[in-house]
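# Architecture at a glance
As a plain string of letters, each chain reads:
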Amino acid sequence: MVYTVQGTVPSWRRCDFDIPYTKEITYAVDDHLALITKGYRAMIYSGDHDAKIPHVGTQAWIRKLNLPITDNWRPWYVDGQVVGFTRTYSNNLTYATVKGAGHTAPEYMPKECLAMIDR
């Protein structure tokens, strides 16, 4: 669900493949490390039904950061139900999965994703 002020967006297209990108970022590990080592908190999340960027690929990317795990896998809950799993790393990095969510997790599971961000 997209929240906009009525009348401010003339039309909405889910994916705009006609955007003229001028730069492709192929490696962002160093950029993320630079931010989290300065004290910025970061959360990376994946829908566990994401066929575009599967959660195992996201976990492989996180391993490239080479950060120690400070809190191993544990479930997280909304209304008493397990809605995903989370793992915490040093330098304030948290990774979470969202059960039943696809590539755009908040679109599939808005209540759960809001609760995840609010934590």
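Residues numbered from 1 in each chain as written. Predicted model: local features only at pLDDT ≥ 70, side-chain atom pairs only at ≥ 80, totals over all residues. Heavy atoms only, no water.

## Describing unusual backbone geometry
Under the convention used in this document: Numbered from the N terminus, helices here are DSSP runs of H or I no shorter than four residues, and strands are runs of E no shorter than two. To sort residues, take the accessible area from a 1.4 Å probe on protein chains only and compare it with the maximum for the residue type: under 20% means buried, over 50% means exposed, and anything in between is partly exposed.
Positive phi, normally seen in glycine, also occurs at Asn66, with a value near 60 degrees. Within the element layout of this structure, Asn66 appears in the loop between α2 (55-63) and β2 (69-78). You will see that Asn92, though not glycine, has its phi angle at about 60 degrees, which is positive. By secondary structure assignment, the location of Asn92 is in the loop between β3 (81-89) and β4 (93-98). Relative accessible area serves as the criterion here: at 44%, Asn92 is assigned to the partly exposed category.

## Considerations on the pattern of salt bridges
Filter applied, for reference: Salt bridges are defined as contacts in which a side-chain nitrogen from Lys or Arg sits within 4 Å of a carboxyl oxygen from Asp or Glu.
As enumerated under the stated definition, the model contains two salt bridges in all. Note that Asp71 is salt-bridged to Arg74, the shortest N-O span being 2.8 Å. For Asp71, a relative accessible area of 30% translates into the label partly exposed. The class for Arg74 is partly exposed, based on a relative accessible area of 39%.

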